[in-house]
Amino acid sequence: MAWGRVAASLLKKYGDRARVDVVNVINQFTQLAQDGRVGFLGNVRVGKDLSLEELRARYNAVVLCYGAESDRPLGVPGENLTGVYSAREFVWWYNGHPHYAGLPIDLSKMRRVAICGLGNVAVDCARVLLQPADAIATTDIASHAVEQLRRSAVEEVHLVGRRGPVQAAFTPKELREVLGLDNVAVRMDAATFALSAADEAELKATRMKKRVFDILFKQLKESKAGAKTLALDFLRNPAEVIGDGQGQVKALKLEKTRLEPPADGKGDQKAVGTGEFETIEVDLVLKSIGFKSVAVPGVHFDPCKGVIPNQGGQVLLEDGSTPDAGLFVCGWLKRGPSGIIGTNLIDAEQASRGGLARAVHKEQQGACGSGTNLIDAEQASGGGLARAVHKEQQGACGRAAW
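What counts and what doesn't
Residues numbered from 1 in each chain as written. Predicted model: local features only at pLDDT ≥ 70, side-chain atom pairs only at ≥ 80, totals over all residues. Heavy atoms only, no water. Pairing = 2+ DSSP bridges. Helix = DSSP H or I, 4+ residues; strand = E, 2+ residues; numbered from the N terminus. pLDDT = per-residue confidence, 0-100. Contact = heavy atoms within 4.5 Å. Salt bridge = Lys/Arg side-chain N within 4 Å of Asp/Glu carboxyl O. Buried < 20%, exposed > 50% of the residue type's maximum accessible area, 1.4 Å probe, protein only. Core = buried A, V, L, I, M, F, W, Y, C linked by side-chain atoms within 4.5 Å. Phe/Tyr/Trp six-rings, centres within 6.5 Å; stacked < 30°, edge-to-face > 60°. Polar contact = N/O pair within 3.5 Å; in protein donor to acceptor, adjacent residues only side chain to side chain.

**With respect to the sheet that holds strand β1 (residues 62-64)**
Pairing within the open sheet is mixed, and its four strands lie in the order β1-β15-β14-β13. Here the strands that pair on one side only, and so sit at the sheet edges, are β1 and β13 (310-311). Relative to strand β15 (residues 323-329), β1 runs parallel, the two sharing three bridges. For L64, the partnering residue across the bridge sits in β15 and is V329.

Laid out in structure tokens, this is it:
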């Protein structure tokens, strides 16, 4: 949640001038964070170390943009076996997240990996597992992960999806990167590329889907050899994670599916089981079928959709129509777990040009606070907030310590 508050702080301070370049996002954050008007408090959990109520009492506008840190379960037998992790946990492992750096993963004992999901997170996990360790060592990946990758025995990675190549949620750039890895063969079932009328309509309606499908279809027609293999298993739904009798995963049972369009012709095609099964041997299963945001006490939250109800980024009260003045939301917490940095930038700009801009303008005019009560300058300062946090969380750190 720390970076979410950084983003909120940057947005509050800079408004629609808080531009974020997709490629150089780290440099952009660093540059803005070095401005003396921007404060940072890390290792703080809003709702535990600091209540949202306390935070709102110190600022005229608060933006919630802490993303989605929970996962959707597969909901199949064997999901709790050792060797089954969420893709989020795996990503945090190789990125050095302090809570997940010690994840018990030993790649030297793993030959085959199944990743359940057809999105960019799944592709990223596959790329890390298949890319040469020397190449990935030049990035900012955690050193413990690099050492594991140097000893890795992984030779085959499966991307498993219940729907077809038309419905794959990859973006073209990320897909090209993983398909273009050196010494990695790509395997797909040509039968899953047969297009129905509904598939054709989807491709015609969405340019991005057409681009992704064309990349996949081109790869299908080309022969590519390699010591390692990337298998894209479309129209396959995980049915059971099979254990070895000692609590460790050893295989993944898949049910073949077919797509059925909605009866009224509106909405997405639904994957329906065919009753035909197949099993693939695996040593590691990663779940990448979606993320879900979690609630923070003090704000209305929709547990079914996993979002904070809002209108254009302005948080709404429980009645679903009344604005919760001074409280805003951006990113996945606003609309659900889809999109990348550029998508979230649109959210930030929408909020900064709307109610958030008006709230900041009130502060600049000296007409801030709830009702007629002005927010005291010391109370709203970083020092005042830091003292309030340190009462509960001794491990909280400022920018210099971080």
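That shown, we press on.
**Some details on the confidence of the model for the protein**
Taken as a whole, the protein shows an average pLDDT of 84; of its residues, 84% reach a score of 70 or greater. Every residue in residues 1-22 scores below 50 in pLDDT, and together they form 59 contacts with partners more than four places removed in sequence or on other chains. pLDDT under 50 marks residues 367-381. Its contacts with residues more than four places away, or in other chains, come to 25 contacts.

**Focus: the pattern of salt bridges**
This model, assessed by the stated rule, comprises 19 salt bridges. Salt-bridge contacts for D124 lead to R127; the nearest nitrogen and oxygen are separated by 3.7 Å. Placement of both D124 and R127 in helix α5 (residues 120-130) is noted, with a separation of three residues, approximately one turn of the helix. R150 is the salt-bridge partner of D134, the closest N and O atoms lying 2.4 Å from each other. Of the two residues, D134 sits in helix α6 (residues 133-136) while R150 sits in helix α7 (residues 143-150), which places them 16 residues apart along the sequence. Overall, D134 belongs to the exposed group, its relative accessible area being 57%. By relative accessible area, R150 is classed as partly exposed at 43%. Within the structure, one salt-bridge network assembled from shared partners comprises R112, E156, R187 and E281.

**Let's talk about the nonpolar core**
Inside soluble globular proteins, nonpolar side chains tend to come together where they are buried. Core analysis: the largest hydrophobic core is formed by 52 residues, its most contacted members being I115, L159, L230 and L232. The element best represented in this core is α5, accounting for seven residues. For L159, the contacting residues outside a window of four places in its chain are I115, G117, L118, A122, V123, A126, F170, L230, A231, L232 and D233.

**A word on the packing of aromatic side chains**
All told, the structure shown has seven aromatic pairs when counted by the stated rule. Judged by centre distance (6.2 Å) and plane angle (50 degrees), the ring pair of F193 and F217 falls under tilted. Taken together, the residues F193 in the loop between β6 (184-188) and α9 (197-205) and F217 in helix α10 (residues 207-221) connect sequence positions 24 residues apart. A relative accessible area of 34% places F217 in the partly exposed class. A ring pair is formed by F193 and F234, whose centres lie 5.9 Å apart and whose planes are at 90 degrees; its orientation type is edge-to-face.

**Comments concerning the side chain of S293**
Here S293 is to be found in the loop between β12 (291-292) and β13. A polar contact of 2.8 Å, which involves the side chain of S293, links it to the backbone oxygen of G67.

**Here we look at the pairing of strand β5 (residues 156-160)**
For β5, the buried fraction is high: five of the five residues fall into the buried class. Of the two faces of β5, both are covered, the one formed by E156, H158 and V160 as well as the one formed by V157 and L159. In this structure, β5 lies alongside strand β7 (residues 228-233), joined through five bridges in parallel fashion. Residue pairing across strands places L159 opposite L232, the latter belonging to β7.

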